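Now for the letters of each chain:
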Amino acid sequence: MKVNLSIAYVFIIYFLFACSSIKQHSNEDGKVDFTFLQLNDVYEIAPIQGGEFGGMARVETVHKNLLKENENTLLFMAGDFLNPSLIGTLKVNGERVRGKQMVEVMNAMNFDLVAFGNHEFDLSQQDLQKRLNESNFPWVSANVKLKTNNSSIPFYKEVSNTKQNVHETFIKEIRDSDGTKIKIGFISVCIPSNPVDYVEYENMFVKARSSYAAIKDSVDVVFGLTHVKIVNDKRIAKLLPEIPLIMGGHEHTNSNNFMGNVQISKADANAKTVYIHRISFDKKTKKTTINSELKEINSTIQSDEKVKFIVDKWENILNTTIKNVIKNPEEIIYYAKKPLDGRDTPIRSMPTNLSQVITKSMAFAYGNDLDAAIVNGGSIRIDDQLLGNITPVDIFRVLPYGGAIVKVKIKGRLLKRVLNYGELAKGTGAYLHRHHISLQEKNWFISNKPLDKDKVYTVAFSDYLLKGFDIPFLSDKNEEVLFIYRPNNNELAFDIRKAVVEYLKSETKKSAK
């Protein structure tokens with residue numbers, strides 16, 4: 001017994017000495033370890049693709065496990081989360097949801113910082129202000145400002161009748177277990193691709209550089225949290241080569257690029273993947289080491305119960321209130337033997353069988369009495385494949401924006417410019433899906449006849465395209481847009497989603513004969 005006690009005593013002394021040595025070594029080391037968990041472009045709070053991928057409750061499980069691994073774990077959203085989603089279009093208690101469901105979920109997950117994405121400004125100023133006020137997480141942006149009658153001011157939260165400005169930069173203090181402290185800073189800019197009356201976009205490159213200059217001497221290291229095109233991120237990295245990591249969004253497809261020593265990382269949309277960045281900063285050398293992992297969020301990951309409870313609540317609201325929009329939301333309108341492909345990567349770069357269904361439906365809405373139909377890939381937001389029984393709810397998820405189908409008389413010369421622009425926009429939401437239009441050896445054909453630049457064509461467009469957002473020169477102001485017919489609310493073309501539903505029903509009837 002005495003021997004055992006002696007051994008235990010020696011072991012305890014050795015253990016305490018070892019811990020002391022480790023701590024002393026850590027103090028001498030001067031390194032601080034921390035972890036970033038990065039999401040971007042998340043529109044769906046529930047899992048997608050038949051429950052196989054994504055889901056914010058699963059992300060929260062990953063988040064909590066990372067916090068156990070290192071309490072200095074920070075959770076980020078690199079823009080685009082308030083819109084679009086089918087839930088967001090619904091009315092609850094007489095008011096559109098408009099991203100309220102996402103803020104509630106993100107509050108429960110304790111996000112550490114979020115950036116504005118271009119789709120945050122799909123919301124009205126009033127709705128966006130409500131979401132800002134409801135959020136318990138900080139926002140950051142250097143180049144988006146709120147327009148007032150007299151000037152432009154920072155966006156703000158209003159909490160207990162007190163305004164809290166969204167700052168151009170963000171600073172977080174990190175304390176290691178041995179007491180070593182560092183300050184890390186963040187800069188953020190948003191792509192100016194969504195012009196609305198209440199938003200002023202300042203030059204993203206000028207503001208990225210000036211906000212970095214304003215913060216760099218107050219912190220040990222600066223990171224980027226952006227929502228711009230990858231080409232813009234690369235330019236920012238070239239301007240600011242001291243930034244070790246830019247966490248970005250906007251493309252919807254995962255990527256990891258380097259511009260010099262600057263790493264630029266983007267995860268897949270709808271939390272199909274997340275980026276985990278395990279980072280070590282050396283206070284002596286000022287060197288940052290980053291070990292990044294792209295982690296798939298799939299059905300093997302358990303859902304966090306707290307977050308799942310909120311997600312389930314909103315899904316139940318969806319299932320109930322969708323009946324106010326369409327009579328039989330769970331009616332089986334079509335059976336897809338082959339998956340109808342609405343995944344982001346193909347839908348923004350090539351024709352798919354789902355996009356063909358949509359453009360055929362646009363022509364169907366006008367009795368096929370037109371030359372062609374065109375829709376932009378960015379209107380198709382499901383990022384999923386539809387297989388087997390298809391219901392109206394599925395179609396509303398595919399096209400959450402809805403919107404009318406307009407019939408346009410357009411000069412062939414302009415139509416060719418539009419088609420060329422869409423082809424060059426592969427990989428983006430401006431890529432165009434087409435019905436009765438083909439590209440053969442660099443020449444455009446309409447209904448198998450060469451496009452005639454002097455001819456006037458009748459083309460169905462999604463109404464979004466005629467607003468000049470994706471294609472700047474395509475609007476009612478262009479003199480080669482000769483006439484636009486806008487449908488009444490009792491016409492099938494008034495809502496592209498209902499047009500697709502009715503088209504699929506007609507196809508089902510045909511196959512039954």
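Refer to the structure printed above.
Let me begin by describing the structure that accompanies this report. As the structure is a prediction and not an experimental result, all values here were calculated from the model.

Looking at the overall build of the protein chain
At step 1: A count of helical and extended segments in the protein chain gives 13 helices and 29 strands.
At step 2: Over its C-alpha atoms the protein chain spans a radius of gyration of 26 Å, differing by no more than 12% from the 24 Å that the globule rule assigns to 513 residues.
At step 3: Overall size of the protein chain, expressed as C-alpha extent along the three principal axes, is 95 × 55 × 55 Å.
At step 4: Relative to its full complement of 513 residues, the protein chain shows a buried share of 54%.
At step 5: A separation threshold of at least 6 residues defines the contact pool for the protein chain, and within that pool the share at least 24 residues apart is 72%.
At step 6: Only carbon and sulfur atoms are counted for the fraction: they give 50% of the accessible area of the protein chain, which is about 24,000 Å².
At step 7: Here the protein chain holds 68 positive side-chain charges and 60 negative ones, and the gap between their average locations is 2 Å.

Some remarks on the packing of helix 4 (residues 100-109) against helix 8 (residues 305-321)
At step 1: Running from N to C, helix 4 and helix 8 point in directions that differ by 170°, and their axes come no closer than 9 Å. Taken together, the axis directions place helix 4 and helix 8 in an arrangement best described as roughly antiparallel. Seen from helix 4, the contacting residues are K100, Q101, E104, V105, A108 and M109; seen from helix 8, they are K306, V307, I310, V311, K313 and W314.
At step 2: A per-class count over the contact of helix 4 with helix 8 returns 7 nonpolar, 1 polar and 4 charged.

Things to note about the pairing of strand 2 (residues 73-77)
At step 1: Strand 2 sits mainly inside the fold: 5 of its 5 residues count as buried.
At step 2: Here strand 2 shows no split at all, with T73, L75 and M77 on one side and L74 and F76 on the other all buried.
At step 3: Inspection of the sheet shows strand 1 (residues 31-39) paired to strand 2 by 5 bridges, in the parallel sense. Counted as the bridge partner of Q38 is F76 from strand 2.
At step 4: For the handedness criterion, the β-α-β arrangement of strand 1, helix 2 (residues 56-69) and strand 2 is classed as right-handed.
At step 5: Here 2 bridges tie strand 2 to strand 5 (residues 113-115), and the two strands are oriented parallel to one another.

Some words on the side chain of S475
At step 1: Within the secondary structure, S475 sits in the loop between strand 28 (456-462) and strand 29 (481-485).
At step 2: Residue classification places S475 among the buried positions, given a relative accessible area of 13%.
At step 3: Sequence-distant contacts of S475, defined by excluding residues within four places in its chain, comprise L466 and V481.

Details of the sheet that holds strand 15 (residues 245-248)
Sheets are built from strands that pair by backbone hydrogen bonding, the pairs being arranged parallel or antiparallel.
At step 1: Spatial ordering of the open sheet is given by 11-12-14-15-17-16, a layout of 6 strands whose pairing is mixed. Of all the strands in the sheet, the pair left with one neighbour each is strand 11 (169-175) and strand 16 (255-259). Adjacent strand axes in the sheet meet at a mean angle of 25°, parallel and antiparallel pairs treated alike.
At step 2: Sheet analysis places strand 12 (residues 181-187) next to strand 14 (residues 221-225), joined by 4 bridges and oriented parallel. Paired with I184 across the strands is V221, a residue of strand 14.
At step 3: Against the sheet, helix 6 (residues 204-215) contacts strand 11, strand 12 and strand 14, and its axis sits at roughly 160° relative to strand 12.
At step 4: The strands that helix 7 (residues 230-239) touches are strand 15, strand 16 and strand 17 (262-266); relative to strand 17, the one it contacts most, it runs at about 155°.

Regarding the pattern of salt bridges
At step 1: Throughout the structure, instances matching the rule amount to 31 salt bridges.
At step 2: When the shortest N-O distance is used, the salt bridge between R175 and E173 registers 3.9 Å.
At step 3: Members of the salt-bridge network, linked through shared partners, are K145, E168, E202 and K207.

A short note on the nonpolar core
At step 1: Judged by nonpolar contacts, the single largest core of 86 residues is most densely connected at L39, M56, F111, F121, F155 and I358.
At step 2: Residue contacts for F111: discarding those within four places in its chain leaves L39, M56, L75, F76, M77, M106, F137 and P138.
At step 3: Membership of the second largest hydrophobic core comes to 24 residues, among which are V408, L414, I437 and I471.

Points about helix 10 (residues 353-365)
At step 1: Compared with the 18 Å implied by 1.5 Å per residue over 13 residues, the 18 Å span of helix 10 between its first and last C-alpha is a close match.
At step 2: Considered for burial, the residues of helix 10 that qualify are L354, S355, V357, I358, T359, S361, M362, A363 and A365.
At step 3: Of the residues flanking the end of helix 10, it is G367, one or two places downstream, whose phi is positive at about 65°.

A closer look at the sheet that holds strand 26 (residues 443-446)
At step 1: Read across the sheet, 3 strands follow the order 25-26-27 without closing on themselves; strand pairing throughout is antiparallel. Whereas interior strands pair on both sides, the edge strands pair on one side only; in this sheet they are strand 25 (437-440) and strand 27 (449-450).
At step 2: Sheet topology note: the strand 25/strand 26 ladder contains 4 bridges and is antiparallel. Looking at the pairing, Q440 lines up with N443 of strand 26.

Conventions adopted
Residues numbered from 1 in each chain as written. Predicted model: local features only at pLDDT ≥ 70, side-chain atom pairs only at ≥ 80, totals over all residues. Heavy atoms only, no water. Helix = DSSP H or I, 4+ residues; strand = E, 2+ residues; numbered from the N terminus. Rg over C-alpha atoms; globule rule 2.2 N^0.38 Å. Buried < 20%, exposed > 50% of the residue type's maximum accessible area, 1.4 Å probe, protein only. Contact = heavy atoms within 4.5 Å. Areas by Shrake-Rupley, 256 points an atom, 1.4 Å probe, with all protein chains shown as cover. Lys, Arg positive; Asp, Glu negative; His and termini not counted. Charge placed at Lys NZ, Arg CZ, Asp CG, Glu CD. Axes fitted to C-alpha atoms, helices over the stretch in contact; angles between N-to-C directions. Parallel < 35°, antiparallel > 145°, perpendicular 65-115°, else oblique. Nonpolar A, V, L, I, M, F, W, Y, C, P; charged D, E, K, R; others polar. Pairing = 2+ DSSP bridges. Right-handed = clockwise from strand over helix to strand, strands pointing away. Salt bridge = Lys/Arg side-chain N within 4 Å of Asp/Glu carboxyl O. Core = buried A, V, L, I, M, F, W, Y, C linked by side-chain atoms within 4.5 Å. Expected span 1.5 Å × (residues − 1).

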